[in-house]
Amino acid sequence: MLWYVLNGLYLVIWSALLIYCLNQRRFYPIIGHKWGTKIFWLFTFVFFNPLLSLVYIIFGIALRPAKNDDNPKPVRLGSVLAVLCTGIVLVLFEIPIGGYERRSFVILSDAKADKTDDLSGSNFRFEPYIGYLKSSNKAQTYCSVSDGTDARTSIGDILIISNDSNHLLDRAVREFQKSLFRLPYVNKVAYYSSDNCTVQGAALPDVYITINMPQFSEKELFHGRSINATIKCRAGSSMVKNQSYSFEDRSGPTIKFDIESEINHVSTMMGIESPQAKYKLEANNIASELTKAITKQFEDLLNKYGRLPQLPEMLYGTYRQPPEFTFIQDSNVRQMISGSGLLKDNDTIWQFIDERRTEDALNAYCDELKSLGWTLDDQDQEYIRMRNGNERICIYRQRRREADANMIVSGDTRKIKAEVPMIAHYQLCWTEERKQEAMDKLLSGDVEIKTLLAFEKSFHDPQQHDRLYSIIEQDPTPSLQGYLMQTRYLVDHNEPEKGRQMLMLAKAMQNAEKQDDIKAQEIENLAEKLGDESLAEAVIGEEIFRKTGYINIDEIDKQMVEERGLDEPLLFYKPLEDGDIQTVALRIINSREPLHVVSYRLLAVEKHRGISNSSEKDGMLGADGSWVVKTDLYSMSGEKKTVSLKVESLGDERFRFVVNKIKN
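Let me begin by describing the structure that accompanies this report. Remember, it's a predicted structure, so these values are computed and weren't measured experimentally.

**Some details on the overall build of the protein**
For step 1, the next point in the chain: Along the backbone of the protein there are 15 helices and 25 strands.
For step 2, the next point in the chain: Burial statistics for the protein: of 664 residues in total, 48% are counted as buried.
For step 3, the next point in the chain: Long-range contacts, defined as pairs at least 24 residues apart, comprise 67% of the intrachain contacts of the protein with a sequence gap of at least 6.
For step 4, the next point in the chain: Carbon and sulfur atoms make up 50% of the accessible area of the protein, which amounts to about 32900 Å² in all.

Spelled out as structure tokens, the structure:
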């Protein structure tokens, strides 16, 4: 309604100004007093631009024609200003400069140097607009996860592929890309169109994001437009949606996940904009919704599974060309992606057309592969899975839903029909000997404990398990994952008594985790293997808390000073009058907020009587530039004394915790 009122009002004003201009005989001299200036002003009316109308009101109506030319300087100055203002409006809002170009765009950062390189060579674009956007967005997002023991989340390297050439979607994805890059746990974000993806022979990303716009309608309005669009976004650890019959690998260090998000966008834009700024408001709005939907899932995964640390280069493969098969040499075949990865020399996915019945097509592929020395691993009416030494391939027909979401354009620019595409997923994995050599180097190197724990299932040699157990046992930092690994080791080596003690230490460390009842199912399984299922529900006493490094807050006299590293917990407990025990775990963690000024946060996790509470505090930068945070531990305080906490950064991701007891 507001749009109609304002535009109706402008049309009335524009019409009145036009009639006035036609009837006016003398003008403030832009190009003379009469016809030259009249033609100049009539030309500006063609654009229906409110800013040009404003210029006419100022210089064509407010400034009256000079009665004589005795003082020409003000007249000349006014004429120059009128022409200049008109020219600026025309250049900024009416004449397209630079044009629109849809191209690849990569943002890469060196986290330590805190610098950004735009590998696409893009330049600054001036995109003026004066407008207002009214929008409504409805989003639905789902996430599925398959994880191995102590697998972590890896999101540092992201590849975005847009399967739609729509101008609005392209702008939205570019803004979405910038938002993802601002996340502190992301180091690289590449954006390509589906027909221009150049990730061939390079290291593969951690996360693949495919985006398309299956529904788009636009209604042009006078100085505005209305848009109704549906945007589908899929983010996952694989280029295509993980099928239940595709490769099952739960021994790796990273979780396998799929995030699906659908956004229904309805908006009305009112205002004026330059050709370069077209869809700017709508694109920013859609990008914001995409960012909220996807980063919320990223945060949940990081909170639940933790972040995989930087892995050594020795664990990544060297790219080798994939083999050639006759069934993927047709002109409708597209190599979606091909590169090397973690413990793999090749990971390639092809999408192609085969109009035969699925079962007939799969049988033909199977016969060809067998003739090349491949053996059948598994077969169904919808897929085949085969091996040839350390090579493996899975071929299946995409389900309709996944095919629609991953529409790919073939080399001859014809769209592959969504109902018929086949997927061939090929991998060249490391041999077991090569993998175990890498595991030996991993155990011998300067590697974080959580990295070793993430590869626990990759250690197949009994001696490697002994070395891992020894490293974890000697580590002074208590951790839930470390205690559970030792419990598993003791179970496998038939030492139930030590295993029970270690499991109780793991239960105590559950209190230090933000997620409620984390690893509860694994603790129940280990208790069953130890022959005492009651251990899963056993009450933790003070002695167990002390063994895991918890400090009795009541035993602190006035002040206590401790030093911890990033994500290393400082643990306290307090006996309650009813016999229960209250715990507090303090950690310094990296901030996960985009463009956050302060790099760290204080995470406090409080648990007692089965209730869990967590809070985070940003802190601030001190006068010397170092990070510091101050707070009171109310749950640990009493009627007579208040427990206060101060944490300050020491550099190199080390922190000093100062706990004081202050009399009330």
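**Let's talk about empty space enclosed by the protein**
For step 1, the next point in the chain: Applying the stated criterion across every chain yields a total of one cavity of 30 Å³ or more.
For step 2, the next point in the chain: Size it by volume and the largest cavity reaches roughly 40 Å³.
For step 3, the next point in the chain: Lining the largest cavity are Y10, W14, T44, F45, F48, N49, L52, S53 and Y56.
For step 4, the next point in the chain: Among the elements of the structure, α1 (2-23), α2 (35-45) and α3 (50-62) are those that each provide at least two residues to the lining of the largest cavity.
For step 5, the next point in the chain: At three residues, α3 tops the list of elements feeding residues into the lining of the largest cavity.
For step 6, the next point in the chain: Across the lining of the largest cavity, the residue classes break down as six nonpolar, three polar and no charged.

**Regarding helix α9 (residues 432-444)**
For step 1, the next point in the chain: Here α9 contains 13 residues, and its C-alpha end-to-end distance of 18 Å stays within 8% of the 18 Å for a straight helix at 1.5 Å per residue.
For step 2, the next point in the chain: Every buried residue belonging to α9 is among K435, Q436, A438, M439, L442 and L443, and all of these are buried. In an axial view of α9, the angular spread of the buried residues amounts to 155°, which keeps them on one side of the axis. Seen from the open side of α9, the exposed residues pointing more than 90 degrees away from its buried face are E433, E437, K441 and S444.
For step 3, the next point in the chain: Looking at the packing, one finds that the buried side of α9 touches α10 (449-454) and α11 (462-474).

**Quick notes on the packing of α11 against helix α12 (residues 480-492)**
For step 1, the next point in the chain: Packing of α11 against α12 leaves a shortest axis separation of 10 Å and a crossing angle of 140°. Classed by the angle they form, the pair α11 and α12 counts as oblique. Handedness of the α11/α12 crossing: left-handed. Seen from α11, the contacting residues are H465, D466, L468, Y469, I472 and E473; seen from α12, they are G482, M485, Q486, Y489 and L490.
For step 2, the next point in the chain: Along the lines of polarity and charge, the residues of the contact of α11 with α12 split into six nonpolar, three polar and two charged.

**Looking at the sheet that holds strand β22 (residues 620-621)**
For step 1, the next point in the chain: With respect to topology, five strands assemble into an open sheet ordered β17-β25-β24-β23-β22, the strand pairing being antiparallel. Sheet topology places β17 (559-565) and β22 at the edges, where each strand pairs with a single neighbour.
For step 2, the next point in the chain: Two strands pair when backbone bridges link them, and β22 and strand β23 (residues 627-632) are joined in this way by two bridges, in the antiparallel orientation. Each bridged residue has a counterpart across the sheet, and for M620 the counterpart in β23 is V628.

**Some words on the nonpolar core**
For step 1, the next point in the chain: Counting residues in each nonpolar core, the largest one holds 51 residues, and the members touching the most others are L315, L442, L452, F455, F459 and L503.
For step 2, the next point in the chain: Looking at this core, the element that brings in the most residues is helix α13 (residues 496-510), giving seven residues.
For step 3, the next point in the chain: Those residues within four positions of L452 in sequence are excluded, and the remaining contacts are L442, L443, V447, F459, L468 and I471.
For step 4, the next point in the chain: Judged by nonpolar contacts, the second largest core, of 41 residues, contains F181, V186, V207 and I209.

**A few points about a negative patch on the surface**
For step 1, the next point in the chain: Taken together, the side chains of D516, D517, E524, E528, E533 and E537 present a region of like negative charge at the surface.
For step 2, the next point in the chain: With respect to the element layout, E537 can be found in the loop between α14 (520-529) and α15 (542-547).
For step 3, the next point in the chain: Classification of E537 by relative accessible area gives exposed; the value is 63%.

**A look at the packing of aromatic side chains**
For step 1, the next point in the chain: The tally for this structure, following the rule as stated, stands at 19 aromatic pairs.
For step 2, the next point in the chain: Centroid distance F325 to W350: 6.4 Å. Interplanar angle 90°. Geometry classified as edge-to-face. Taken together, the positions of F325 in the loop between α6 (280-305) and β10 (334-341) and W350 in strand β11 (residues 344-353) put the pair 25 residues apart, joining distant regions of the chain.
For step 3, the next point in the chain: Owing to a relative accessible area of 5%, W350 belongs among the buried residues under this scheme.

**Remarks on the pairing of strand β19 (residues 581-590)**
Along any regular strand the residues' side chains alternate between the sheet's two faces.
For step 1, the next point in the chain: Across the 10 residues that make up β19, a large majority, nine, are buried.
For step 2, the next point in the chain: Where strand β18 (residues 570-575) lies against β19, six bridges are found, and the strand directions are antiparallel. In the strand pairing of β19, L570 is matched with L586.
For step 3, the next point in the chain: In textbook terms, the turn of a hairpin is the stretch between consecutive antiparallel strands, and for β18 and β19 this stretch comprises five residues, one of which, G579, has a positive phi near 95°.
For step 4, the next point in the chain: Bridge count between β19 and strand β20 (residues 600-608): eight bridges; the pairing is antiparallel. Bridge pairing links L586 to A604 in β20.

**Observations concerning a nonpolar patch on the surface**
For step 1, the next point in the chain: A cluster of nonpolar side chains, namely L77, L81, L84 and I88, defines an oily patch on the protein surface of about 360 Å² accessible area.
For step 2, the next point in the chain: For I88, the location among the structural elements is in helix α4 (residues 72-93).
For step 3, the next point in the chain: For I88, a relative accessible area of 43% puts it in the partly exposed group.

**Some words on α13**
Since the α-helix turns once every 3.6 residues, residues separated by three or four places project in the same direction.
For step 1, the next point in the chain: Under the 1.5 Å per step criterion, the end-to-end length of α13 is 21 Å for 15 residues, consistent within 8% with the ideal 21 Å.
For step 2, the next point in the chain: If you check which residues of α13 are buried, you get G499, M502, L503, M504, L505, A506, K507, A508, M509 and Q510.
For step 3, the next point in the chain: Against the buried residues of α13 lie α12, α14, α15, β18 and β20.

**Looking at the pattern of salt bridges**
For step 1, the next point in the chain: Counting across every chain of the model gives 31 salt bridges.
For step 2, the next point in the chain: D377 is paired through a salt bridge with R387; the nearest N and O atoms lie 2.6 Å apart. Here R387 lies in strand β13 (residues 383-388) and D377 lies in strand β12 (residues 375-379), a separation of 10 residues in the sequence.
For step 3, the next point in the chain: On the accessibility criterion, D377 (41% relative accessible area) is partly exposed.
For step 4, the next point in the chain: Among the salt bridges present, the one from E495 reaches K498, with a minimum N-O distance of 3.6 Å.
For step 5, the next point in the chain: Accessibility expressed as a relative area gives 29% for E495, which makes it partly exposed.
For step 6, the next point in the chain: Looking at K498, the relative accessible area reads 48%, which means it is partly exposed.

**So, the pairing of β12**
For step 1, the next point in the chain: Across four bridges, β12 lies against β13 in antiparallel orientation. Bridge assignment links L376 to a residue of β13, and that residue is M386.
For step 2, the next point in the chain: Taking the residues between adjacent antiparallel strands as the criterion, β12 and β13 are bridged by three residues.

Conventions we followed
- Residues numbered from 1 in each chain as written.
- Predicted model: local features only at pLDDT ≥ 70, side-chain atom pairs only at ≥ 80, totals over all residues.
- Heavy atoms only, no water.
- Helix = DSSP H or I, 4+ residues; strand = E, 2+ residues; numbered from the N terminus.
- Buried < 20%, exposed > 50% of the residue type's maximum accessible area, 1.4 Å probe, protein only.
- Contact = heavy atoms within 4.5 Å.
- Areas by Shrake-Rupley, 256 points an atom, 1.4 Å probe, with all protein chains shown as cover.
- 1 Å grid on protein atoms, 1.4 Å probe; cavity = no way out; pocket = protein on both sides within 12 Å on 5 of 7 lines; lining within 4 Å.
- Points joined across faces, edges and corners; volume = space filled by probe spheres on them.
- Nonpolar A, V, L, I, M, F, W, Y, C, P; charged D, E, K, R; others polar.
- Expected span 1.5 Å × (residues − 1).
- Arc of directions from axis to C-beta.
- Axes fitted to C-alpha atoms, helices over the stretch in contact; angles between N-to-C directions.
- Parallel < 35°, antiparallel > 145°, perpendicular 65-115°, else oblique.
- Left-handed = near helix turned anticlockwise from the far one by under 90°.
- Pairing = 2+ DSSP bridges.
- Core = buried A, V, L, I, M, F, W, Y, C linked by side-chain atoms within 4.5 Å.
- Patch = residues over 30% accessible without salt bridge, like charges linked within 9 Å, V, L, I, M, F, W, Y side chains within 5 Å.
- Salt bridge = Lys/Arg side-chain N within 4 Å of Asp/Glu carboxyl O.
- Lys, Arg positive; Asp, Glu negative; His and termini not counted.
- Charge placed at Lys NZ, Arg CZ, Asp CG, Glu CD.
- Phe/Tyr/Trp six-rings, centres within 6.5 Å; stacked < 30°, edge-to-face > 60°.

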